[in-house]
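# Descriptive analysis of the structure
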Amino acid sequence: MELRQLTYFVAVAEELHFGRAAEHLHIVQSAVSQQIQRLERELGAELFDRSPRRVRLTGAGERLLPEARAVLAAAEKARAAVAGPAGLRIGTSTGLGAHLDRVLAAFAERAPDVPVDLVSLPVSERLARVAAGRLDAAFVRSAEPPSGVRVHPLWPDPLVAALPATHPLAGRPDIGLADLAGLPLALTPRRNNPALVDLVVGACHAAGFEPLPGPVGGSLQDTLATIGSRPLWTVVYASHARVLHTPRVAYVPFRAPGLALSTGLAVSSSAPTPYLEKLLLACGDHES
């Protein structure tokens, strides 16, 4: 059994797609398939249930996954011990806005010689990479951590409504969700951010209406550009809205109690992140 085979196995297990795993690994798909097949022959068990439509882990694959991640994390730790102090690898997402700038500035004051490598990924992949030791930490919002990962709570992230600057609601100091019932809602697909979608749609239901479906997909910038030209609305983290410059879009707070998701820092529960204490203190500095 080779580390390369375990790396390929974990990549496919996280993507559940041989082609996407090969893209992330920057190799051809046939090489991934060959190494997985060699690993299966060596273990005497099929690790993936392959069908024309989808790839799923078998029972043997599910049992191997946490062990493979642990082996890769141990190998990474061994390399780091030989190489000496390395930088900090942090998973991020869009919407951290001013929070991230302040945390990085505070961390640089505490550890000026430690480089920070930021990696933007979907939340599921952020958590998987923390579990596998391929990220030292990751910012997550209202996420359920997998085995081997713990989340340190940091701060609540309020949401604001983004709507056309020309809309009558745009000039109000705050708005209720029911005020938006007549406007289509442009929201990311649930698979991309289940916590956010469930919060917003659930709040709409609690306010007494089913949100009208608006455009789905595309980047936040694309959505905001569309809102600038059509009567739509979406939600944006207040910390991110403060650094977005979109004159055709207005950001209006929700009336109390408002909407918010809690942000936390996901780290390995078995192999503490180097500089974790300094990073958490930097996160605390943000709130001071």
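Preceding block: the structure.
About the cut-offs
- Residues numbered from 1 in each chain as written.
- Predicted model: local features only at pLDDT ≥ 70, side-chain atom pairs only at ≥ 80, totals over all residues.
- Heavy atoms only, no water.
- Phe/Tyr/Trp six-rings, centres within 6.5 Å; stacked < 30°, edge-to-face > 60°.
- Helix = DSSP H or I, 4+ residues; strand = E, 2+ residues; numbered from the N terminus.
- Buried < 20%, exposed > 50% of the residue type's maximum accessible area, 1.4 Å probe, protein only.
- Salt bridge = Lys/Arg side-chain N within 4 Å of Asp/Glu carboxyl O.
- Axes fitted to C-alpha atoms, helices over the stretch in contact; angles between N-to-C directions.
- Parallel < 35°, antiparallel > 145°, perpendicular 65-115°, else oblique.
- Contact = heavy atoms within 4.5 Å.
- Nonpolar A, V, L, I, M, F, W, Y, C, P; charged D, E, K, R; others polar.

Within this structure, the stated rule accounts for three aromatic pairs. Relative to Phe48, the ring of Phe9 lies with its centre 5.5 Å away and its plane at 50°, an arrangement referred to as tilted. A residue pair is termed long-range when its members are at least 10 positions apart, and Phe9 in helix H1 (residues 3-15) and Phe48 in strand E1 (residues 48-50) qualify at 39 residues. Taken individually, Phe9 and Phe48 each receive the classification buried, so the pair is uniform in this respect. Judged by centre distance (5.8 Å) and plane angle (70°), the rings of Phe18 and Phe48 are edge-to-face. A residue pair is termed long-range when its members are at least 10 positions apart, and Phe18 in helix H2 (residues 18-25) and Phe48 in strand E1 qualify at 30 residues. Of the two residues, Phe18 and Phe48, both sit in the buried class.

Summed over all chains, the structure comprises 15 salt bridges. Residue Glu125 is joined to Arg129 by a salt bridge in which the shortest nitrogen-to-oxygen separation is 2.8 Å. One end of the pair is Glu125 and the other is Arg129, both in helix H6 (residues 123-132) and four residues apart, which spans about a single turn. Here the residues in one salt-bridge network are Arg172, Asp174, Asp179 and Arg255, joined through shared partners.

Their axes nearest at 9 Å, the elements H1 and helix H3 (residues 29-43) cross at an angle of 110°. When the axis of H1 is compared with that of H3, the two are roughly perpendicular. Of H3, the residues touching H1 (which contributes Arg4, Gln5, Leu6, Tyr8, Phe9 and Val12) are Ala31, Val32, Gln35, Ile36, Arg38, Leu39 and Glu42. The residue makeup of the contact of H1 with H3, split by class, is eight nonpolar, two polar and three charged.

Mapped onto the elements, Ala98 comes out in helix H5 (residues 98-110). In the structure, Ala98 is positioned 143 residues away from Ala241 in sequence and 9.1 Å away in space, judged by C-alpha atoms. Ala98 has contacts with Ser239 and Val243, leaving out every residue within four places of it along the chain.

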